[in-house]
Amino acid sequence: YYPFNGNANDESGNGNDGTLVGSASIAEGSLILDGSGYVQFDKKIIPTSGSFTVSLNAHQTKFDGYSEMISQGQSEDHGFYLGTQDGSMRLGDDITADVHYFPNDGNFHSLFFVMNVESQKCLLYIDGDLKIEHNQAIELSESGTSTRIGRQLGSNAEYFHGKINDVRIYERALSED
């Protein structure tokens, strides 16, 4: 759990602290990203097997090009990312879904990505509404980069522009409730 209370420390008690890199900063409980900074972890904190949920609040300020809110793994080898391409949502190498755009209204929006192995579904909720449903669980790579918030996995320079707060990673699929 990353509330960004002055640092990128894990407040869940699991000790998965992150490190601010480049121009990333924290102010008023939000990670501030201008397209050249991010949070780096020393290991993968998104589970690479089984069900999981990633939730966060994001306020995006630049909508052209590729932009990643959170990622890990290796491109073209079952990498995971949650981000946008020219404003439309991107959900990882193995997920194809109908295009849905991230709201461009200057406000924070909540995102919940749920990977449920039992139901064989990947779901993306934006502000509590189901926007994307992919009818297959994904396989995540053991190779590649550790987890990053605000930057694409690997050497790709796909940085997030805006603010992110209240990042949570669960080792289970949260229900719609």
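Use the structure listed above.
## Digging into the overall build of the chain
(1) Moving on: Along the backbone of the chain there are zero helices and 13 strands.
(2) Moving on: Going from N to C terminus, the chain has its helices and strands arranged as β-β-β-β-β-β-β-β-β-β-β-β-β.
(3) Moving on: Computed over its C-alpha atoms, the radius of gyration of the chain comes to 15 Å, within 12% of the 16 Å expected for a compact globule of 177 residues.
(4) Moving on: Seen through its principal axes, the chain has C-alpha atoms that stretch 40 × 35 × 35 Å.

## Quick word on the sheet that holds strand β5 (residues 52-60)
(1) Moving on: In space, the seven strands of this open sheet follow the order β2-β3-β13-β5-β9-β10-β11, with antiparallel pairing throughout. Pairing within the sheet leaves two strands with one partner each, and these edge strands are β2 (25-27) and β11 (129-134). Put simply, the sheet's adjacent strands are angled 25 degrees from each other on average, direction ignored.
(2) Moving on: As paired elements, β5 and strand β9 (residues 109-116) share seven bridges and run antiparallel to each other. Across the sheet, residue F52 finds its bridge partner in β9, namely M115.

## Remarks on the side chain of R148
(1) Moving on: Of note, R148 is situated in strand β12 (residues 145-149).
(2) Moving on: Here the side chain of R148 touches Q40 through a polar contact of 2.9 Å, side chain to side chain.
(3) Moving on: If we ignore the near neighbours within four places in the chain, the residues touching R148 are Y38, V39, Q40, F41, M69, I70, S71, L153 and G154.

## Focus: the layout of surface pockets
(1) Moving on: A volume near 250 Å³ is recorded for the largest pocket.
(2) Moving on: Each residue belonging to the lining of the largest pocket can be placed in one class, and the counts come to six nonpolar, three polar and four charged.

## Describing the sheet that holds strand β7 (residues 80-85)
The strands making up a sheet associate through backbone hydrogen bonding, with each pair oriented either parallel or antiparallel.
(1) Moving on: Spatially, the six strands line up as an open sheet ordered β1-β4-β12-β6-β7-β8, and their pairing is antiparallel. Edge positions in the open sheet fall to β1 (19-21) and β8 (88-90), since each of these has one partner strand only. Put simply, the sheet's adjacent strands are angled 25 degrees from each other on average, direction ignored.
(2) Moving on: Two elements, β7 and β8, share three bridges in a ladder whose sense is antiparallel.

## A look at the packing of aromatic side chains
(1) Moving on: Overall, the coordinates contain six aromatic pairs when judged by the stated rule.
(2) Moving on: Where Y2 meets F41, the ring centres are 5.2 Å apart and the plane angle is 65 degrees; that geometry is what we call edge-to-face. Taken together, the residues span a long stretch of sequence, with Y2 in the segment before β1 and F41 in the loop between β4 (38-40) and β5 at a distance of 39 residues. The two residues Y2 and F41 agree in class, both being buried.
(3) Moving on: Put simply, the rings of F52, F80 and F113 touch in pairs and so form one group of aromatic residues.
(4) Moving on: Over the face of the ring belonging to Y1 we find R168, whose NZ or CZ atom lies 3.8 Å from the ring centre.

Procedures and definitions
Residues numbered from 1 in each chain as written. Predicted model: local features only at pLDDT ≥ 70, side-chain atom pairs only at ≥ 80, totals over all residues. Heavy atoms only, no water. Helix = DSSP H or I, 4+ residues; strand = E, 2+ residues; numbered from the N terminus. Rg over C-alpha atoms; globule rule 2.2 N^0.38 Å. Pairing = 2+ DSSP bridges. Axes fitted to C-alpha atoms, helices over the stretch in contact; angles between N-to-C directions. Polar contact = N/O pair within 3.5 Å; in protein donor to acceptor, adjacent residues only side chain to side chain. Contact = heavy atoms within 4.5 Å. 1 Å grid on protein atoms, 1.4 Å probe; cavity = no way out; pocket = protein on both sides within 12 Å on 5 of 7 lines; lining within 4 Å. Points joined across faces, edges and corners; volume = space filled by probe spheres on them. Nonpolar A, V, L, I, M, F, W, Y, C, P; charged D, E, K, R; others polar. Phe/Tyr/Trp six-rings, centres within 6.5 Å; stacked < 30°, edge-to-face > 60°. Buried < 20%, exposed > 50% of the residue type's maximum accessible area, 1.4 Å probe, protein only. Lys NZ or Arg CZ within 6 Å of the ring centre and 35° of its normal.

Geometric descriptors of this kind do not, in isolation, establish any biological role.
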